[in-house]
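# Per-entry structural report
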Amino acid sequence: MIALFGLTRKLERSLNDLKEVAERVRKRAPVLAEDFRLLVRHPRVLASWIEDRSPWLSRRLMGAASNLAEPFTLGMGLKVDKLGEDFIEVVMPGNWRNQGEGGVIHTAALTALGESAARMYWEHHLDLRDAQVESKRAEVRILVRPEGEMRAVFRLHEADREAILHQLRSKEMISVETQTLIYDKNGRLIAEADVEWQLRRQLALGPLQGS
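Residues numbered from 1 in each chain as written. Predicted model: local features only at pLDDT ≥ 70, side-chain atom pairs only at ≥ 80, totals over all residues. Heavy atoms only, no water.

So, on to the packing of aromatic side chains. Enumeration according to the criterion identifies two aromatic pairs in this entry. Geometrically, the ring pair formed by Tyr121 and Trp122 is edge-to-face, given 5.8 Å between the ring centres and 80° between the ring planes. Neither residue differs from the other here; Tyr121 and Trp122 are each classed as buried. With a centroid separation of 5.1 Å and 70° between ring planes, the pair formed by Tyr121 and Phe154 is classed as edge-to-face. Of this pair, Tyr121 sits in helix 5 (residues 107-125) while Phe154 sits in strand 4 (residues 150-155); the two residues are 33 residues apart in sequence, bridging distant segments of the chain. Residue classification places Tyr121 among the buried residues on the basis of a relative accessible area of 0%. For Phe154, a relative accessible area of 1% gives the class buried. Ring-pair connections join several aromatic residues into one group, and the members of that group are Tyr121, Trp122 and Phe154. (Phe/Tyr/Trp six-rings, centres within 6.5 Å; stacked < 30°, edge-to-face > 60°. Buried < 20%, exposed > 50% of the residue type's maximum accessible area, 1.4 Å probe, protein only. Helix = DSSP H or I, 4+ residues; strand = E, 2+ residues; numbered from the N terminus.)

On to the side chain of Glu192, then. If you trace the backbone, Glu192 turns up in strand 6 (residues 189-201). When near neighbours in sequence (up to four residues on either side) are disregarded, Glu192 contacts Glu139, Val140, Arg141, Leu143, Gln179, Thr180 and Leu181. (Contact = heavy atoms within 4.5 Å.)

Attention now moves to helix 6 (residues 158-170). When the terminal C-alpha atoms of helix 6 are compared, their 19 Å separation across 13 residues agrees well with the 18 Å that a helix rising 1.5 Å per residue should span. Among the residues of helix 6, Arg161, Ile164, Leu165 and Leu168 are the ones counted as buried. Viewed along the axis of helix 6, the buried residues span an arc of 95°, placing them on a single side of the element. Opposite its buried face, helix 6 presents the exposed residues Ala159, His166 and Ser170, each directed more than 90 degrees away. Contact partners of the buried residues in helix 6: helix 5, strand 5 (173-184) and strand 6. (Expected span 1.5 Å × (residues − 1). Arc of directions from axis to C-beta.)

Right, let's get into the nonpolar core. Counting residues in each nonpolar core, the largest one holds 37 residues, and the members touching the most others are Ile88, Trp122 and Leu199. Within the residue set of this core, elements represented by two or more residues are strand 1 (79-83), strand 2 (87-92), helix 5, strand 3 (131-142), strand 4, helix 6, strand 5 and strand 6. Excluding its chain neighbours within four sequence positions, the residues that come into contact with Trp122 are Val133, Leu156, Ile164, Val176, Thr178, Trp197 and Leu199. (Core = buried A, V, L, I, M, F, W, Y, C linked by side-chain atoms within 4.5 Å.)

Moving on, we get to the pattern of salt bridges. Pairs can form between side chains of opposite charge once their charged atoms are near each other. Counted according to the given criterion, the structure contains 14 salt bridges. Arg161 is the salt-bridge partner of Glu85, the closest N and O atoms lying 3.9 Å from each other. Of this pair, Glu85 sits in the loop between strand 1 and strand 2 while Arg161 is found in helix 6, placing the two residues 76 residues apart along the sequence. Here Arg161 falls in the buried class, since its relative accessible area comes to 4%. Linked by salt bridges that have partners in common, Glu85, Asp86, Arg161 and Glu162 make up one network. (Salt bridge = Lys/Arg side-chain N within 4 Å of Asp/Glu carboxyl O.)

Here we come to the environment of Ile174. Within the secondary structure layout, Ile174 lies in strand 5. You can call Ile174 buried: its relative accessible area is 3%. Distance from Ile174 to Trp197, taken between C-alpha atoms, is 8.2 Å for residues 23 residues apart in sequence.

In this model helix 5 runs 28 Å from its N-terminal to its C-terminal C-alpha over 19 residues, within 8% of the 27 Å that 1.5 Å per residue would give. Among the 19 residues that make up helix 5, 16 are buried, leaving the element largely enclosed by the rest of the structure.

A word on the pairing of strand 2. Working note: regular strand, side chains alternate between the two faces of the sheet. Counting buried residues in strand 2 gives five out of six residues, a clear majority hidden from the surface. Both strand 1 and strand 2 contribute to a ladder of four bridges, which runs antiparallel. When the bridges of strand 2 are listed, Lys79 appears paired with Val91. Hairpin connection between strand 1 and strand 2: a loop of three residues separates the two successive antiparallel strands. (Pairing = 2+ DSSP bridges.)

Within the secondary structure layout, Asp86 lies in the loop between strand 1 and strand 2. Asp86 gets classed as partly exposed once you look at its relative accessible area, which sits at 28%. Taking C-alpha positions, Asp86 is 5.3 Å from His157, a pair spaced 71 residues apart along the chain. A polar contact is formed between the side chain of Asp86 and the side chain of Arg161, at a distance of 3.4 Å. (Polar contact = N/O pair within 3.5 Å; in protein donor to acceptor, adjacent residues only side chain to side chain.)

Below, the structure is given as structure tokens:
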């Protein structure tokens, strides 16, 4: 009963936050068309806009928007569990959709999980009106037999991130290599997913202007 009451309160606060977002959108009517086009191309942007008001709702919107941003992951059940300035944690259930032969988690599912976690981190920090992020190469190394729920953890210290963004401000395109660590529900390191990214800018790079 207490848990249900807590969830109800969270939903109430989230509804109030959505009302505030709607009011902001109404006030931003002159630039609404531009924002709408941005949301169509990058639906996870909405999650960034409401991050300060409701981190709980923002994480859920970010995971749900992955089904629109990357239809390939539709049905995988990816969910953003934790999100900070320097890290992101994405959970993937161990259901049959993500399994291969013998019930183990399929290599392709692990690769998609690792790539998606890092991609959502970059999209959280880039102004997607002026920048693009594309994965050019992905490789996963399986260390332990992958079974059950998986948790992808991507970390990048602020100093390293700012150095990359500073480099992007002076160049039209840069390449960045990242590594996402994938754990099972017991905290064992299961796999390492390495991704080579290509970050591009059109005009300038800066913080998302969502408010």
